[in-house]
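# Fold and contact review
Here is what each chain is made of, one letter per residue.
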Amino acid sequence: MGRGDAVKGTAHVGGAPGVLVSGVVWVVAGFVWARSDVAQAFVVLFFGGMAIVPIGLFIARVLLRAPKPGKGNPLDRLGLESTFSLFAGLLIAYVLLRISPAYVFPIMAITIGARYFIFRTIYGDGLFWALGTALTAVGVSTVLGFVTWPTNIAVVVGVIEVAFAIVLFVRSSQSDP
């Protein structure tokens, strides 16, 4: 399926609004972490994460006037099914919150990065493989101690997502008929 054939590509503006909202949520969680602690930042990430789809849809439909997605699109089911792996990552991160808080956000970065690989199929854009690779690499390199970031990892992940969202918005606008 090519990029232009992906029904969800136009209805969801190529996934750009969701990636942008996710990036903002991560940055806000990072700021909360810098001002308080990992537990409060995790709460922000958790509840902010629940707002990604509704806010992303609002941006797509109301602000960008994207068409409504078609009924019966099998790719919708794939998006929902991939959410269950996200719940697994959330559970692992929540358990780590008590025993090893330093790993909470790297594990979430790996979880979100792994989920983005599926978005290649959902949106028909290979850029999601690059985004998934970037977030997974940030998480893994942090867990393994290969990198010390100039700020906390939540801000790093958020900035990466916002940057990819901009590219996705540009690509989406260039492919509109």
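Above this text sits the structure in question.
To keep things clear, this report deals only with the structure shown in the data block. In this text, all values refer to a predicted model and were calculated from it rather than measured experimentally.

We now examine the overall build of the protein chain. Secondary structure summary: the protein chain contains eight helices and zero strands in total. For the protein chain, the sequential pattern of α-helices and β-strands runs α-α-α-α-α-α-α-α. Relative to its 177 residues, the protein chain shows a buried fraction of 45%. Within the protein chain, contacts between residues separated by at least 24 positions form 73% of all contacts whose residues are at least 6 apart in sequence. Carbon and sulfur atoms make up 70% of the accessible area of the protein chain, which amounts to about 9,200 Å² in all.

Take the packing of aromatic side chains next. Within the structure shown, the criterion is met by nine aromatic pairs. Each ring, one from Phe46 and one from Phe47, has its centre 5.1 Å from the other, and the planes form 85°; the classification is edge-to-face. Note on Phe46: relative accessible area 34%, which makes it partly exposed. Joined through ring pairs, the aromatic side chains of Tyr116, Phe119, Tyr123 and Phe128 make up one cluster. Positioned above the aromatic ring of Trp129, the side-chain terminus of Arg120 is 5.4 Å from the ring centre.

A complete count under the given rule lists one salt bridge for this structure. Here Asp125 ties to Arg171 by a salt bridge, and the two come within 2.9 Å at their closest N and O atoms. Of the two residues, Asp125 sits in the loop between helix H6 (104-123) and helix H7 (127-143) while Arg171 sits in helix H8 (residues 153-175), which places them 46 residues apart along the sequence.

A surface patch of nonpolar side chains, about 390 Å² in accessible area, is lined by Val43, Phe46, Phe47 and Met50. Here Phe47 is to be found in helix H3 (residues 38-50).

Formed by 40 residues in total, the largest nonpolar core has its most connected members in Trp26, Val104, Phe105, Met108, Tyr116, Phe128 and Leu131. Mapped onto this core, the elements with two or more residues apiece are helix H2 (16-35), H3, helix H4 (52-63), helix H5 (74-99), H6, H7 and H8. Counting residues per element, this core draws most heavily on H6, at nine residues. Ignoring anything within four residues of it in the chain, the contact list for Phe105 reads Trp26, Ala29, Trp33, Val38, Ala41, Phe42, Leu45, Ile153 and Ala154.

In this section: the packing of H2 against H3. The interhelical angle for the contact between H2 and H3, taken along N-to-C directions, is 160°, at an axis separation of 8 Å. Relative to H3, the element H2 lies roughly antiparallel. Considering the relative orientation of H2 and H3, their crossing is right-handed. Where H2 approaches H3, its residues Val25, Trp26, Val28, Ala29, Val32 and Trp33 are matched on the opposing element by Val38, Gln40, Ala41, Val44, Leu45, Gly48 and Gly49. Of the residues contributing to the contact of H2 with H3, the split by class is 10 nonpolar, three polar and no charged.

How each quantity is defined
- Note on numbering: residues in each chain are counted from 1, in written sequence order.
- Note on the predicted model: pLDDT of at least 70 is required for a residue's local features to be given, and 80 or more for side-chain atom pairs to be given and counted; whole-chain, interface and lining totals, by contrast, use all residues.
- Excluded from the side-chain calculations are hydrogens and water; all other atoms, namely the structure's heavy atoms, are used.
- Numbering of helices and strands runs from the N terminus; a helix is a DSSP stretch of H or I covering at least four residues, while a strand is a stretch of E covering at least two.
- For each residue, the accessible area found with a 1.4 Å probe, counting protein chains only, is set against the maximum for its type, and the residue is called buried under 20%, exposed over 50%, and partly exposed in between.
- Contacts are residue-level and defined by heavy atoms, with any inter-residue pair within 4.5 Å sufficient.
- Note on areas: these come from Shrake-Rupley sampling with a 1.4 Å probe, and a residue is covered only by the protein chains present in the view.
- The pairing test for Phe, Tyr and Trp rings, Trp by its six-membered ring, is centres within 6.5 Å, and the orientation test on the planes gives stacked under 30 degrees, edge-to-face over 60, and tilted for anything in between.
- By definition, being over a ring means that NZ of Lys or CZ of Arg is both within 6 Å of the ring centre and within 35 degrees of the ring normal.
- By definition, a salt bridge exists where a carboxyl oxygen of Asp or Glu is found within 4 Å of a side-chain nitrogen of Lys or Arg.
- Only residues whose relative accessible area exceeds 30% and that form no salt bridge enter a patch; like-charged residues are grouped when within 9 Å of one another, and nonpolar side chains (Val, Leu, Ile, Met, Phe, Trp, Tyr) when within 5 Å.
- As used in this record, nonpolar core signifies buried Ala, Val, Leu, Ile, Met, Phe, Trp, Tyr and Cys residues forming a set joined through side-chain atoms within 4.5 Å.
- Axis lines are fitted through C-alpha atoms, for helices just across the contact stretch, and the angle between N-to-C directions can take any value from 0 to 180 degrees.
- Orientation is classified from the angle alone, with under 35 degrees giving roughly parallel, over 145 giving roughly antiparallel, 65 to 115 giving roughly perpendicular, and any other angle giving oblique.
- By the definition used in this description, the sense in which the near helix is turned from the far one sets the handedness, with an anticlockwise turn below a right angle giving left-handed and a clockwise turn giving right-handed.
- Note that Gly is not counted as nonpolar here; it falls among the polar residues with everything else outside the nonpolar set of Ala, Val, Leu, Ile, Met, Phe, Trp, Tyr, Cys and Pro and the charged set of Asp, Glu, Lys and Arg.

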